[in-house]
Amino acid sequence: MATQHMHGLGEAYKRKEDARFIRGQGNYVDDVQLPGMLYGDIVRSPYAHALIKNIDISAALAVPGVLAVITGKDLDAAGLAWMPTLSADTEAVLALDRVHYQMQEVAFVVATSRYAAADGVEAVEVEYEPLPVLVDAKKARDPDAPLLRPDKKDRQPTNHIYHWETGDRAATDAAFAEAQANGIVVRQDMYVPRIHPAPIETCGCVADYKAATGKLTVWMTSQAPHAHRTLFAIVAGLPEHRIRIISPDIGGGFGNKVPIYPGYVCAVVASLKTGRPVKWIEDRTENLSSTGFGRDYHIHAEIASDKDGNVQALRVHTLADHGAFDAAAQPTKFPAGLFHICTGSYDFKHAFVEVDAVHTNKAPGGIAYRCSFRVTEASYLIERAMDTLAHELGKDAAQLRLQNFIKPEAFPYRSALNWTYDSGNYEAALKLAMKNVDYEGLRREQAEKRARGELMGIGISSFTEIVGAGPGKHFDIAGIQMFDSCEVRVHPTGKVLARIGVQTQGQGHETTFAQIIAAELGLSPDDVDVEHGDTDTAPYGLGTYASRSTPVAGAATALAARKVRDKAKKIASYLLEVGEEDLEWEPGRFYVKGAPDKGKTIQELAFAAYTNCPPYLEPGLEAVNYYDPPNLTYPFGSYICVVDIDRGTGQVHIRRFMAVDDCGTIINPMVVEGQIHGGLTQGLAPAMYEELAYDANGNILSGNFQDYLIPTSMETPRWETDRTITPSPHHPIGAKGVGESPTVGAPQAIVNAVVDALSHVGVRHIDMPLYPWKVWQVLKEKGLATD
Amino acid sequence: MIPGSFDYVSAQSLPEAIALLGQYGDDAKILAGGHSLIPLLRYRLAAPAVLIDINRIDGLAYMQETDGMLHIGALTREADLDRSPLIRNRYPILYDTARNIADPVVRNWATVGGNLAHADPANDHPATMLALGASVVAEGPAGPRVIPIDEFFTDVTFETTLQPGEILTEIRIPAPTERSGGAYLKLERKVGDYAIAGVAAYVQLDANGLVTSAGIGLTNVGPAPIKARAAEQALLGKPLDEQSIRAAADLAEAASQPTSDTRGPAEYKRAMVHTLCTRALRKAAERAQGGAA
Amino acid sequence: MSKHTIHVTINGTAYEDTVEARTLLVHWLRDGLRLTGTHIGCDTSSCGACTILVDGKATKSCTMFAVQADGRELMTVEGLEQNGQLHPLQEGFHEKHALQCGYCTPGMMMTGLALLQSNPNPTEEEIRVGISGNLCRCTGYVNIVKAIQYAGEKMREAQQSPVAAGEGGGE
């Protein structure tokens, strides 16, 4: 529980990992080249829903360089045509009798070159019989809807996957009845569109099975190598100690690299079959069309308030579109992830949330794109609903929030949906943001502009995040408790090698985790090297996603380093011939109380551990910690967005965006700021640009980077950032994690701003993405469209 | 995304390129900038048996004003247009157009000739050339011929009046008169995208500020690039004031035939033609009267 | 499926190879020559992760065939560091935290290099325009702009006083 500045923490160390990347010497999966390596490529369905009548691989086998074509039937013989998902469903590896979404995997071609594999894919002939397509989630439970999953009709006879609910329905309904009679009730329907994390590096692997040793090595774009290893062992029936997963350098994850994809399984099978390494790297079109998407929530939210704007109750119903297989990657006990954080930063007395999930003829997924397990959806709904309440009441959006914030003295705060928030000071964050943008001045400007017919909007988002999954009692991935780990080994000359159970995809762990250890031991981060990603050497961890690395593995790292320091103290006591109680610590050194000249540096103690170790201690100086967090952590922030709308085109120009974030103790402010810039850009994107769109036949309309609109430097605003610091009381260094906060907080700030610009003519909501044509249609409808 | 196989030949001269085109006919495609063609090959949406690379032909990339005409070699790269002081100062409508095409790296290779010959209604130069009253030079086995730009595009997507065996070699644009000005405005969802709609407007005024000549071209709002003739006609003899601009914009909107797609509903695109035409004409007027570039 | 023998200079070194006509330049660099610093990120020439210099021009190497590079001089990210000395762009990207996962970085730096070579003192707007053909998912571009500004300043200083750039000061 640290509140003071610690040596190494809070300093903007330049990143250690940069050295190889700036030289173009990163080692990404597609850089791996092994002797005799083969290439795999996938035959995919052009239909969203169809029976497979026949697969003819003869022409493909005749293509020069093609060695094998694996089909669903081949996998079925080995019991591998279907695999379990992380959400208690099964998913086809290669389609057997039917396909369920466009671009679903149908066959795997293995060839001696990338180009021959592509030619082989072209030559496979598949005969399909199209079936009726279901893409509208709202129609999935209609009596005449096609049954998409006859394979599990015994246990799930319709397209309805699950109903999940939490909260106190009766108390909530009563509060709404009261508000209906004596207060105010607002309702808002909101769609959070399907989007795709689209890291610039797509997914892929190199699978290398060596028959002589029985060892399978897989270089893999994996955010969770250990979990993947265990899953491979269970699914493929291979002994786990003979599976080695290596996540080398990963070019961005954002949740895209958490699921196990058919391509990985096929590459492993192909390597087992051919005895040679097999590389499979998907292209961008495959990535967007078939790998784990995010969002696709149809939300109906209601707030019950008294007539002065004090919120009483929240009621939410959501329809979740999971695509053809429920492969959402979240802790198993929470099928809707952490969606029930949706009471947000506000003191709701009662709340009730229900989620119904359905299948459609679209790719599987749901939890990805920096979402913290559905917190993006949750935060969006509450911030939009609060603004709707503000506009209905004629109250300023900031005032309504300040009035309803959970007060600082209420922490630890138990929400109406049973989360215990660790710490927060929402008022301080919002007031800082307001001050930084001169909020009063902006409102005056808005009034002046409005009088002249100019459309300017100010949007606020005061979000509460929930990350750091999580306490093993409640949080598991495929049954594995969500602890994390760190192993610290100090060499005789006082240099450190540490290994962690999480996996960076750009978050800077080689630097930030070195800083944690450096702070605990009084070293320079230059003397601490951090490794991860190789399951043969790294301690077991659950990986990096949902902003859990700092809260969980960061805690493990601090505690492992403290164990090292504790042992060093024993050695110091021995060498200095005093009791441990007579020793003081300053960064890098133990010294005798009252005789500060008598001391031993950490380097001297490390050397002694190997050369002059107390006879009652084991030699060496290392420790490992597996950390089961006592709670999640709750970063928060307030964002303010200022927009101007072009009345001639509907284009939204973001004039200003101020982001105040609070992630508790900051390990490296430079890294934190970078995470915020990137996260904000991935919050801008869903608000205004990105959408995985489908037509009525299930054809994907945005399956490449021409049509899936990733913001460039021109669309991205000049982000402004600021911080408050409210440490987590239960975390060893008070840190909460930050990576996803900006993506959680930003979209609604932008949408709120655009709606605010039009609130004076009665507009209450516009669904994302805020394409110019959508905004223009509203302008037209309200008589505000000009040239 | 791996292309299918093809044979490749690099032409060293224009006669050689023409001969090769004659030899291979429909089996061949010209490779110039390649940034429209190569993505098609990677998706295997086009599968020519032969690619004839014309990038090594000398003397097809230039920008020169002579005899009252701007001559642009067909292999001139968009980046060169973007960086040329001649273009920026004397043909700002072309500068507007070039810098809206794709992105700066693509513009290093994309050619003006290719942007026209590919005849994609979503490409940007066609509208501008229609507005400028340009012409193109085509060379084939029978020698060179000049084609006025409004006879170059047909109303069929990806189709031009180039004869088999002909290569576009030059674009010719009349030099500006004393009171002329134009602008190209492109509305796009993000940088690098094709236009939701684009409008090129070019006017010449007499000493009294009345329009003596007007050209209006529309991007990506029909199966082919559109010349908004009625809108042009309506401007003749009028001052470029808000009233005449509105009348022209109404007619330009009426001339557009957009379809609804992920860039927007047809109704929106038509309205954007109106907005962009209005704004392009205002800007053209400013430039014609010697106002800010 | 014609094959062609090509001669290409890359980062000052001459290469000769025989390639299929359809081999994309980026695949030849990565798989053929093991110059894996240049990356692939998309199918539609949109992302710029594959950007290199061809005869000094920033080029998306996924949108060019290896045969088209015959007789030309290429520069890839591997050519930025010279004699153990980092290029100001590499320094700038490190100093200004302009990379996180590092995947877009080589292409981004090569575009930055071409930009600074033709425009040694760009405004922020000009930098944003200049890199608008290179996508980054991690950084939000803010620090990339700063890194290019840093590099521009270092490169201008080196132009103005080449002696001061680490050689023989104080003689």
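Residues numbered from 1 in each chain as written. Chains lettered and ligands numbered in written order. Predicted model: local features only at pLDDT ≥ 70, side-chain atom pairs only at ≥ 80, totals over all residues. Heavy atoms only, no water.

Engineer: Teacher, can you tell me more about the overall build of chain C here?
Structural biologist: Check the secondary structure of chain C and you find five helices and five strands. Mapped in sequence order, the helices and strands of chain C form the string β-β-α-β-β-β-α-α-α-α. Against the globule reference of 16 Å for 171 residues, chain C gives a C-alpha radius of gyration of 17 Å, in line with a compact fold. A principal-axis box enclosing the C-alpha atoms of chain C has dimensions of 60 × 40 × 25 Å. Counting across all 171 residues of chain C, residues that qualify as buried make up 61%. (Helix = DSSP H or I, 4+ residues; strand = E, 2+ residues; numbered from the N terminus. Rg over C-alpha atoms; globule rule 2.2 N^0.38 Å. Buried < 20%, exposed > 50% of the residue type's maximum accessible area, 1.4 Å probe, protein only.)

Engineer: Even after reading the chapter, I still don't get the interface of chain C and chain A, so can you show me in this structure?
Structural biologist: It is common to give the size of an interface as the accessible area lost on bringing the parts into contact. Taken together, the 48 residues of chain C in the interface contact 55 residues of chain A. Carbon and sulfur atoms supply 52% of the area that chain C and chain A bury against each other, a total of about 4500 Å² over both sides. It is His97, Gln100 and Arg137 of chain C that lose the most area in chain C upon contact with chain A, and together they represent 19% of the buried surface on that side. Put simply, chain C and chain A have eight salt bridges between them. In this structure, Glu81 of chain C and Arg23 of chain A form a salt bridge, with 3.0 Å as the shortest nitrogen-oxygen distance. Our enumeration of links across chain C and chain A arrives at 31 residue pairs in polar contact (both at pLDDT 80 or more). Elements with a minimum of two residues in the side of chain C that touches chain A: α1 (25–32), α2 (88–95), α3 (105–118), α4 (124–130) and α5 (142–160) of chain C. (Contact = heavy atoms within 4.5 Å. Buried area = accessible area lost by both parts, 1.4 Å probe. Salt bridge = Lys/Arg side-chain N within 4 Å of Asp/Glu carboxyl O. Polar contact = N/O pair within 3.5 Å; in protein donor to acceptor, adjacent residues only side chain to side chain.)

Engineer: So what exactly am I meant to see when it comes to the sheet that holds strand β9 (residues 160–167) of chain A here?
Structural biologist: Sheet strands associate in pairs through backbone hydrogen bonding, adopting either a parallel or an antiparallel arrangement. All names here are of chain A. The mixed open sheet is built from five strands, whose spatial order is β9-β18-β17-β16-β10. At either end of the open sheet lies a strand with only one pairing partner, and these are β9 and β10 (184–192). Going across the sheet, the axis of each strand differs from the next one's by a mean of 10°, ignoring polarity. Of the pairings in the sheet, the one linking β10 to strand β16 (residues 297–305) comprises nine bridges and is antiparallel in character. Paired with Gln188 across the strands is Ala301, a residue of β16. Running at roughly 120° to strand β17 (residues 311–321), helix α5 (residues 169–182) makes contact with β9, β10, β16, β17 and β18 (350–358) of the sheet. (Pairing = 2+ DSSP bridges. Axes fitted to C-alpha atoms, helices over the stretch in contact; angles between N-to-C directions.)

Engineer: So what exactly am I meant to see when it comes to the pattern of salt bridges here?
Structural biologist: Think of it this way: side chains of opposite charge can pair up when their charged atoms draw near. Tallied over the entire structure, the rule returns 87 salt bridges over all chains. A salt bridge links Glu124 of chain C to Arg718 of chain A; the nearest nitrogen and oxygen atoms lie 3.0 Å apart. Here Glu124 of chain C is found in helix α4, whereas its partner Arg718 of chain A is found in the loop between α16 (669–688) and β34 (720–723) on a different chain. You can call Glu124 of chain C partly exposed: its relative accessible area is 28%. Judged by its relative accessible area of 41%, Arg718 of chain A falls in the partly exposed class. The salt bridge involving Arg718 of chain A is made with Glu125 of chain C; its shortest N-O contact spans 3.5 Å. With Arg718 of chain A in the loop between α16 and β34 and Glu125 of chain C in helix α4, the pair connects residues from two separate chains. On the basis of relative accessible area, Glu125 of chain C is assigned to the partly exposed category, the value being 41%.

Engineer: I would appreciate a short explanation of the nonpolar core in the present structure.
Structural biologist: Inside soluble globular proteins, nonpolar side chains tend to come together where they are buried. In terms of nonpolar packing, the biggest core is built from 164 residues, with Phe108, Ile303, Phe339, Leu381, Trp419, Phe657 and Leu758 of chain A touching the most fellow members. Other than its neighbours up to four places away in sequence, Trp419 of chain A contacts Phe334, Leu338, His340, Ile341, Tyr413, Arg414, Ile466, Phe475, Leu632 and Tyr634 of chain A. Core analysis: the next-biggest nonpolar cluster, separate from the first, contains 55 residues, Tyr101 of chain A, Val105 of chain B together with Ala58 and Tyr141 of chain C among them. (Core = buried A, V, L, I, M, F, W, Y, C linked by side-chain atoms within 4.5 Å.)

Such coordinate-based values are descriptive only and should not be taken to indicate function.
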